[in-house]
There are 2 protein chains.
Amino acid sequence: MQITLSEISPAQCQQWLQHAIAPRPICLASTINAAGQVNLSPFSFFNLFSMVPPIVIFSASRRMRDNTTKHTLENVFEVPEVVINIVDDDMVQQVSLASCEFPKGVNEFIKAGFSEEPATLVKPPMVKESKIKMECRVIEVKPLGTKGGAGNLVICEILRMHVADSILNERGDMIEQQKLHHVARLGGHWYCRVDTSNLFEVEKPNTQLGIGIDALPENIRNSTILSGNDLGQLGNIHELPMVDPAFDDERLRSIFQYYAIDPKEMEKELHLYAKSLLQQHKTMDAWQVLLSLQ
Amino acid sequence: MQITLSEISPAQCQQWLQHAIAPRPICLASTINAAGQVNLSPFSFFNLFSMVPPIVIFSASRRMRDNTTKHTLENVFEVPEVVINIVDDDMVQQVSLASCEFPKGVNEFIKAGFSEEPATLVKPPMVKESKIKMECRVIEVKPLGTKGGAGNLVICEILRMHVADSILNERGDMIEQQKLHHVARLGGHWYCRVDTSNLFEVEKPNTQLGIGIDALPENIRNSTILSGNDLGQLGNIHELPMVDPAFDDERLRSIFQYYAIDPKEMEKELHLYAKSLLQQHKTMDAWQVLLSLQ
């Protein structure tokens with residue numbers, strides 16, 4: 001299906017794009033106006049964009065309905081500071097409540113039942129309940145258009161971050177990813193939760209290049225058993241392995257015995273076996289199984 | 001724990017921020033240089049930022065190691081067009097392979113085993129295997145600094161998107177979120193996978209405001225049983241409900257009988273029951289259980 005965005009309504013555009021570009025991390029932004037009134041609002045048009053200087057950006061879009069702007073945006077023009085609070089599974093319902101469009105001057109900390117905790121370098125308060133809070137200076141607001149639905153990039157330099165002890169690793173010197181249950185936004189009313197059931201690691205050689213899928217032997221590259229992910233793992237090694245005469249594997253021996261009379265079936269069985277080893281992240285064992293037939 | 005970013009190294013800064021600001025959606029960017037050489041590279045400093053015009057931004061950062069820039073960035077200066085391919089579970093290993101820093105001129109489509117499919121409005125090819133491809137015009141490149149680790153915002157207007165039939169809903173008029181298994185980046189080597197096991201919906205009244213946690217009766221607000229998420233759900237209704245005389249519930253009746261002599265224990269049991277109803281998204285039933293004690 002092909003969609004030309006200039007030919008559909010902004011509301012349809014929003015539906016397509018919010019389902020497609022996901023999961024989006026959530027920034028719960030705390031700001032303050034010149035009169036000292038606090039605002040708290042979540043934004044999912046948000047991400048990290050630079051390390052030197054450390055910069056995060058969120059977009060406070062113009063409303064599609066009536067082309068008005070959000071209190072958060074008005075506040076950062078008055079006081080160019082923001083505390084970005086990271087949203088996890090323990091607070092998602094309260095964050096959803098904070099996203100209601102309460103009248104100007106209503107403090108969403110109170111409506112959503114969050115506690116204000118003074119920041120150390122900026123005026124807006126931090127959300128005590130959030131496990132990561134980032135004190136930021138707004139270095140620029142960049143409008144992306146003037147119509148309803150136009151984004152306004154709020155470009156923030158992170159000055160200081162506060163991290164709860166409960167999500168640190170055993171040494172206490174870094175966040176332990178499995179302990180932080182981020183939630184993120186997708187299309188419609190959908191959110192996703194990050195936990196050990198859906199986290200996985202992909203090891204990547206940072207300095208050494210992978211040989212690439214184009215360098216795999218032809219019978220492996222054209223396998224009807226091995227998927228793109230399987231080939232990706234096989235190609236992500238620094239050099240084509242040699243047959244290891246010391247590699248002794250019972251299942252491999254039994255495949256050779258059992259399928260000795262049918263080379264086509266033997267190849268299929270070996271590819272299935274290699275595939276199962278790849279799923280267990282035993283890349284070098286999978287290679288030995290595949291090389292046994294070359 | 002408190003971290004002042006100006007006091008730590010850029011590499012440490014990267015560790016903290018990439019674990020904290022997550023999950024980050026992945027853009028697999030296809031670009032081309034003036035000589036027609038194709039480049040394909042993944043970026044997780046990426047998100048949607050505007051609907052009118054439809055704008056996505058990714059950052060092609062300057063390398064921390066030696067302050068050089070990526071081929072993607074060099075290409076968009078020569079040909080300001082990009083195809084953004086959305087990354088799902090079926091292609092994550094190949095995408096990891098494409099992220100190796102192959103020499104200039106190497107086509108990562110070939111190294112990572114992807115197929116080039118001609119785009120319709122722009123010169124860079126699309127990744128055939130990706131279920132969503134977006135043809136974009138680069139409207140601006142905005143540097144966020146000049147040192148190694150500085151981001152470069154590649155601001156892209158989406159012209160046309162292509163969506164695989166396999167991820168559409170039954171009517172064929174929108175993406176069905178459960179059918180698209182996005183993968184996203186977190187800190188270190190971590191990725192997460194989105195599927196029905198971790199997707200959940202939070203209904204939000206868009207036009208009507210929630211009453212807020214501050215409007216909840218005091219014994220509910222101060223409950224030792226109900227969590228912030230529970231209170232958030234209770235506060236996210238348009239008006240405080242009335243007792244419904246027709247609400248007849250067996251378990252409620254048995255709690256009233258059994259704990260008649262111990263009002264403190266009865267309240268505890270009612271809050272536990274309300275909590276379980278909230279977990280089943282039966283907000284109005286939970287309200288009736290809680291109101292039975294007021």
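Our subject is the structure that appears above.
Quick caveat: nothing in here was measured; it's all calculated off a predicted structure.

Colleague: Can you help me understand unusual backbone geometry in this one?
Modeller: Negative phi is the rule for most residues except glycine; trans is the rule for most peptide bonds. Going from Val52 of chain A to Pro53 of chain A, the amide bond is cis rather than trans, its omega being 0°. With respect to the helices and strands, the residue Pro53 of chain A is situated in the loop between strand E5 (46–51) and strand E6 (54–59). In this model, Ala22 of chain B is joined to Pro23 of chain B through a cis peptide bond whose omega is -10°. Examined against the element boundaries, Pro23 of chain B turns out to sit in the loop between helix H1 (10–20) and strand E2 (24–25).

Colleague: Just to check I follow, could you spell out the relation of the copies chain A and chain B for this structure?
Modeller: The second copy of the chain is related to the first by a rotation about an axis and a shift along the axis. Mapping chain A onto chain B calls for a screw motion: a turn of 180° about the axis and a shift of 0.0 Å along it, with 0.0 Å RMSD after fitting. Here the copies are linked by what is in effect a two-fold axis. Most of the interface of chain A is mirrored in chain B: 100% of its interface residues are interface residues there too.

Colleague: Help me out: how do you make sense of the interface of chain A and chain B in this one?
Modeller: When the parts come together, some accessible area is lost, and that loss is often what is quoted as the size of the interface. Chain A puts 115 residues into the contact, and the matching count from chain B is 115 residues. Roughly 10300 Å² is buried in total at the junction of chain A and chain B, and carbon and sulfur atoms are behind 65% of that figure. Along the contact surface separating chain A from chain B lie four salt bridges. Inspection of the chain A/chain B interface yields 52 residue pairs in polar contact (both at pLDDT 80 or more). Ranked by the residues each element gives to the side of chain A that touches chain B, the list is headed by helix H1 (residues 10–20) of chain A, at 10 residues. Split into classes, the residues belonging to the side of chain A that touches chain B amount to 61 nonpolar, 38 polar and 16 charged. Where strand E14 (residues 199–201) of chain A meets strand E13 (residues 190–193) of chain B, three bridges bridge the pair, whose relative direction is antiparallel. Each bridged residue has a counterpart across the sheet, and for Leu199 of chain A the counterpart in E13 of chain B is Cys192 of chain B.

Colleague: What is the right way to read helix H2 (residues 71–78) of chain A from this model?
Modeller: Helical geometry: 3.6 residues make up each α-helical turn, so side chains three or four residues apart lie on a common side. Those residues of H2 of chain A lying buried are His71, Thr72, Leu73, Asn75 and Val76 of chain A. Looking at the buried side of H2 of chain A, the elements it contacts are strand E3 (27–32), strand E4 (38–43), E6, strand E7 (81–86), strand E10 (132–143) and strand E11 (152–163) of chain A.

Colleague: Please explain the side chain of Asn39 of chain A as it appears in this structure.
Modeller: Residues and elements named next belong to chain A. For Asn39, the position within the fold is in strand E4. Within the structure, Asn39 has its side chain in polar contact with the side chain of Thr72 (distance 3.4 Å). At 3.4 Å, the side chain of Asn39 and the side chain of Glu108 are in polar contact. With residues near it in sequence (within four places) discarded, Asn39 still touches Ala29, Ser30, Thr31, His71, Thr72, Asn75 and Glu108.

Colleague: Help me understand helix H8 (residues 263–279) of chain A, please; the structure alone is not making it clear to me.
Modeller: All names here are of chain A. For H8, which comprises 17 residues, the first-to-last C-alpha distance of 24 Å matches the rise-based estimate of 24 Å (1.5 Å per residue) to within 8%. When H8 is considered as a whole, its buried residues turn out to be Met266, Glu267, Glu269, Leu270, His271, Tyr273, Ala274, Lys275, Leu277 and Leu278. As for H8, its buried residues are in contact with helix H5 (218–221), helix H6 (228–235), helix H7 (250–258) and helix H9 (283–291). Once H8 finishes, His281 follows within two positions and takes phi at roughly 60°, a positive value.

Colleague: Explain the sheet that holds strand E12 (residues 183–185) of chain B here, please?
Modeller: Sheet strands pair by backbone hydrogen bonding; their relative direction is either parallel or antiparallel. Strand order in the open sheet formed by four strands is E14(A)-E13(B)-E12(B)-E2(B), with antiparallel pairing between adjacent strands. Each edge of the open sheet is held by one strand with a lone partner, namely E14 of chain A together with E2 of chain B. Bridge count for E12 of chain B against E13 of chain B is three bridges, and the pairing is antiparallel. In the strand pairing of E13 of chain B, Ala184 of chain B is matched with Cys192 of chain B.

Colleague: Looking at this structure, I do not really get the sheet that holds strand E2 (residues 24–25) of chain A. What am I missing?
Modeller: If you trace the four strands from one edge of the open sheet to the other, you get E2(A)-E12(A)-E13(A)-E14(B), paired in antiparallel fashion. Sheet topology places E2 of chain A together with strand E14 (199–201) of chain B at the edges, where each strand pairs with a single neighbour.

Colleague: Can you walk me through the environment of Phe102 of chain B in this structure?
Modeller: Structurally, Phe102 of chain B is set in the loop between helix H3 (92–98) and helix H4 (108–111). Separated by 31 residues in the primary sequence, Phe102 of chain B and His71 of chain B have C-alpha atoms spaced 9.7 Å apart. Once you skip the residues sitting within four places of it in the chain, Phe102 of chain B turns out to touch Leu209 and Gly210 of chain A together with His71, Leu97, Glu108 and Lys111 of chain B.

Colleague: What exactly am I supposed to notice about the pairing of E4 of chain A here?
Modeller: The side chains of a regular strand alternate, residue by residue, between the two faces of the sheet. For E4 of chain A, the buried fraction is high: six of the six residues fall into the buried class. Here E4 of chain A shows no split at all, with Val38, Leu40 and Pro42 of chain A on one side and Asn39, Ser41 and Phe43 of chain A on the other all buried.

Colleague: Could you clarify how one ought to interpret the packing of aromatic side chains in this entry?
Modeller: Within a pair of aromatic rings, the relevant descriptors are the distance that separates the centres and the angle that separates the planes. The tally for this structure, following the rule as stated, stands at seven aromatic pairs over all chains. Arranged with centres 5.1 Å apart and planes meeting at 70°, the rings of Tyr258 of chain B and Tyr259 of chain B form a pair that is edge-to-face. Cation over ring: Arg185 of chain B sits above Tyr191 of chain B, and NZ or CZ is 4.6 Å from the ring centre. Above the ring of Phe200 of chain A, the side-chain terminus of Arg193 of chain B is found at 4.5 Å from the ring centroid.

The rules behind these values
- Residues numbered from 1 in each chain as written.
- Chains lettered and ligands numbered in written order.
- Predicted model: local features only at pLDDT ≥ 70, side-chain atom pairs only at ≥ 80, totals over all residues.
- Heavy atoms only, no water.
- Helix = DSSP H or I, 4+ residues; strand = E, 2+ residues; numbered from the N terminus.
- Least-squares fit on C-alpha atoms with pLDDT ≥ 70 in both.
- Contact = heavy atoms within 4.5 Å.
- Buried area = accessible area lost by both parts, 1.4 Å probe.
- Salt bridge = Lys/Arg side-chain N within 4 Å of Asp/Glu carboxyl O.
- Polar contact = N/O pair within 3.5 Å; in protein donor to acceptor, adjacent residues only side chain to side chain.
- Nonpolar A, V, L, I, M, F, W, Y, C, P; charged D, E, K, R; others polar.
- Pairing = 2+ DSSP bridges.
- Buried < 20%, exposed > 50% of the residue type's maximum accessible area, 1.4 Å probe, protein only.
- Expected span 1.5 Å × (residues − 1).
- Phe/Tyr/Trp six-rings, centres within 6.5 Å; stacked < 30°, edge-to-face > 60°.
- Lys NZ or Arg CZ within 6 Å of the ring centre and 35° of its normal.

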